[in-house]
Amino acid sequence: MKKLVFCLLFLFSAFTASLASEVSVPAKVSQGHAFPVSVQDDRPFTAVFRWRGEELKVRAVKNGPLWKAELLLAMPIDAVKEHVLSIELPEEQQDLVIAPLKVKWHESLLKVEPKYVQPPAKAMKQIERDRRRIRRALASRTEKRWALPIARPVPGGITSAFGGRRVFNGQPRAPHKGTDMRCQEGTPVKAACAGTVLLAENTYFGGKSIYVDHGQGVISSYSHLSAFDVKAGDSVRKGQTIGRSGSTGRVTGPHLHFGLTVQGVAVDAMPLLSSPPDFTGGPSRSIFDQNKASKPRSTR
Ligand SMILES: [Zn+2]
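The rules behind each value
- Residues numbered from 1 in each chain as written.
- Predicted model: local features only at pLDDT ≥ 70, side-chain atom pairs only at ≥ 80, totals over all residues.
- Helix = DSSP H or I, 4+ residues; strand = E, 2+ residues; numbered from the N terminus.
- Pairing = 2+ DSSP bridges.
- Axes fitted to C-alpha atoms, helices over the stretch in contact; angles between N-to-C directions.
- Core = buried A, V, L, I, M, F, W, Y, C linked by C-beta atoms within 7 Å.
- Buried ≥ 20, exposed ≤ 12 C-beta atoms within 10 Å, placed from the backbone.
- Domains from an automatic or database assignment.
- Contact = placed C-beta atoms within 7 Å.

Draft legend 1. Structural detail: unusual backbone geometry. Note that the residue after leucine 148, namely proline 149, is joined by a cis bond; omega there is -5 degrees. Here proline 149 shows up in the loop between helix H2 (124-138) and strand E11 (158-160). With an omega of -5 degrees, the peptide bond between serine 275 and proline 276 qualifies as cis. Along the polypeptide, proline 276 turns up in the loop between strand E22 (265-267) and helix H3 (287-292). Not every positive phi belongs to a glycine, and glutamine 216 is a case in point at roughly 60 degrees. Within the secondary structure, glutamine 216 is located in the loop between strand E17 (207-213) and strand E18 (218-228). At glutamine 263, a position not held by glycine, the phi torsion is positive, near 45 degrees.

Shown next as structure tokens:
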């Protein structure tokens with residue numbers, strides 16, 4: 001028996017010694033941030049990543065002289081505990097702990113038409129339908145088409161950053177699950193990455209909205225548009241104009257609400273505009289935060 005155990009141990013160490021896999025996984029990620037993970041090897045392989053109850057299979061693609069399996073993952077905005085990322089490779093398995101970094105989110109007080117705070121009974125049917133269709137769109141898992149850095153959908157600055165606690169007409173609501181970007185009505189809105197249009201339709205809160213699938217559960221959304229330049233099923237290039245900005249749905253004025261969801265988890269898209277992405281930073285700042293930077297902030 002002892003001999004057998006020794007043999008197995010010897011075999012195991014022989015395997016690990018022969019492996020050329022190079023795993024790149026961060027140890028710490030800010031709440032509400034997306035982060036890339038990758039495995040490289042000198043031969044083709046398929047990696048299975050398990051993260052927060054979801055399993056994603058990624059086939060390595062040629063990357064110079066090596067093969068690389070890459071995936072974008074998300075740390076939820078409310079994550080407090082460490083999560084384990086499990087990576088299964090043809091000849092080994094690795095469990096890596098990733099700890100969330102706490103982010104101090106902003107609070108924004110907004111005034112909108114009362115029907116968007118207390119929707120009338122007749123709107124409930126559409127709200128429910130929107131929810132179902134959006135949930136189904138966000139459940140899409142296709143081959144990777146995202147690439148970093150992502151493209152800025154409109155040139156304007158941030159008017160309301162991701163993650164801010166929102167108080168509509170005095171009533172607290174869920175944190176902001178996207179980034180509001182300043183733009184005049186009719187500004188061309190560009191796709192953040194290459195992908196396939198999942199939805200291009202009118203929704204109650206988002207107004208005219210587009211959802212684009214970039215693969216592996218990475219989905220971007222563009223809301224409050226005035227017009228569509230694409231329809232569901234269209235394939236789009238990174239930077240392609242997909243619609244025009246506007247002020248449809250729950251808005252205080254014309255702007256683009258730009259959202260990014262990674263395997264169903266909303267994340268701040270702004271850190272992904274820079275390369276390499278910053279996934280250990282704080283909340284993105286809006287043009288208004290910068291104006292008020294020297295004044296004390298209300299802590300209400
Ligand atoms: Zn918004």
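Draft legend 2. The arrangement of the sheet that holds strand E5 (residues 54-59) in detail. Here 5 strands make up an open sheet; going across it, the order is E2-E9-E8-E4-E5 and the pairing mixed. Each edge of the sheet is formed by a strand with only one pairing partner; in this case those strands are strand E2 (28-30) and E5. Between one strand axis and the next, the sheet turns through 25 degrees on average, direction left out of account. Relative to strand E8 (residues 83-89), strand E4 (residues 46-51) runs antiparallel, the two being bridged by 3 bridges. Within E8, the residue paired with valine 48 across the bridge is glutamate 88.

Draft legend 3. Broad picture of the nonpolar core. One finds Ala34, Leu73, Ile210 and Val262 to be the most contacted residues of the largest nonpolar core, which totals 56 residues. Looking at which element gives the most residues to this core, the answer is strand E7 (residues 66-75), with 6 residues. Here this core spans two domains, and each of domain 1 (21-101) and domain 2 (107-292) adds at least three residues to it. Here alanine 34 is in contact with Leu72, Leu73, Ala74, Leu260, Val262, Val267, Leu272 and Phe279, once residues within four sequence places are set aside.

Draft legend 4. How the structure looks around the sheet that holds strand E12 (residues 165-168). The sheet built from 3 strands is open, its strands ordered E10-E12-E13 with mixed pairing. Strands with a single pairing partner mark the edges of an open sheet, and in this sheet they are strand E10 (107-110) and strand E13 (171-173). Across the sheet, the mean angle separating the axes of adjacent strands is 25 degrees when strand polarity is ignored. Sheet topology note: the E12/E13 ladder contains 3 bridges and is antiparallel. Across the sheet, arginine 166 pairs through a bridge with arginine 173, a residue of E13.

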